[in-house]
Amino acid sequence: MNTVYIPNESDIRKWVRETMKECLEDFTGKVRTEGRPEEEPLLSRKEIAGVLGVSLVTLHEWMKGGLPCHKQGGRVYFLKSEVHVFLKSKPNPRRKTVKP
């Protein structure tokens, strides 16, 4: 004779929780391997402005001009390598162009 198991609410919650945990672990693993290198930390606005020797206002203007940034949880972060590549591709981002 076959036994039929009828799950209760706590069993279903447990299964959903375990499944979600597995999915999130798979997803974060893919993000780590496909995204940025693990050894390069994200820098805050203040940190990258200090590294570049510019004000936060200037940094914001550069962001409007295409400076690559990463938004997480309502905050803005930068990868030093991406910022340096961006700055090398621009003629001189510190000098404003004067309209005649």
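The coordinates are above.
Residues numbered from 1 in each chain as written. Predicted model: local features only at pLDDT ≥ 70, side-chain atom pairs only at ≥ 80, totals over all residues. Heavy atoms only, no water.

(A) View of the overall build of the protein chain. Looking only at helices and strands, one finds four helices and three strands in the protein chain. Tracing the protein chain from N to C terminus, the helices and strands come up as α-β-α-α-β-β-α. Every one of the 100 residues in the protein chain was classed for burial, and the buried ones make up 17%. Counting every atom, the protein chain has about 8600 Å² of accessible surface; 56% of that belongs to carbon and sulfur. (Helix = DSSP H or I, 4+ residues; strand = E, 2+ residues; numbered from the N terminus. Buried < 20%, exposed > 50% of the residue type's maximum accessible area, 1.4 Å probe, protein only. Areas by Shrake-Rupley, 256 points an atom, 1.4 Å probe, with all protein chains shown as cover.)

(B) Examining the sheet that holds strand 1 (residues 43-44) more closely. A sheet is described by the order of its strands in space; here three strands give the open sequence 1-3-2, paired in antiparallel fashion. In the strand order of this sheet, the two ends are held by strand 1 and strand 2 (70-72), each with one partner. (Pairing = 2+ DSSP bridges.)

(C) Examining the pattern of salt bridges more closely. All chains considered together, the criterion is met by two salt bridges. For E9, the salt bridge is made with R13, and the minimal N-O distance between the two is 2.7 Å. Remark: R13 and E9 occur in helix 1 (residues 9-34); sequence separation between them is four residues, near one turn of the helix. Residue class for E9 comes out exposed when judged on its relative accessible area of 53%. Between K64 and E61 there is a salt bridge, with its nearest N and O atoms 3.5 Å apart. Of this pair, K64 and E61 both sit in helix 3 (residues 56-64), three residues apart, which is roughly one turn of that helix. (Salt bridge = Lys/Arg side-chain N within 4 Å of Asp/Glu carboxyl O.)

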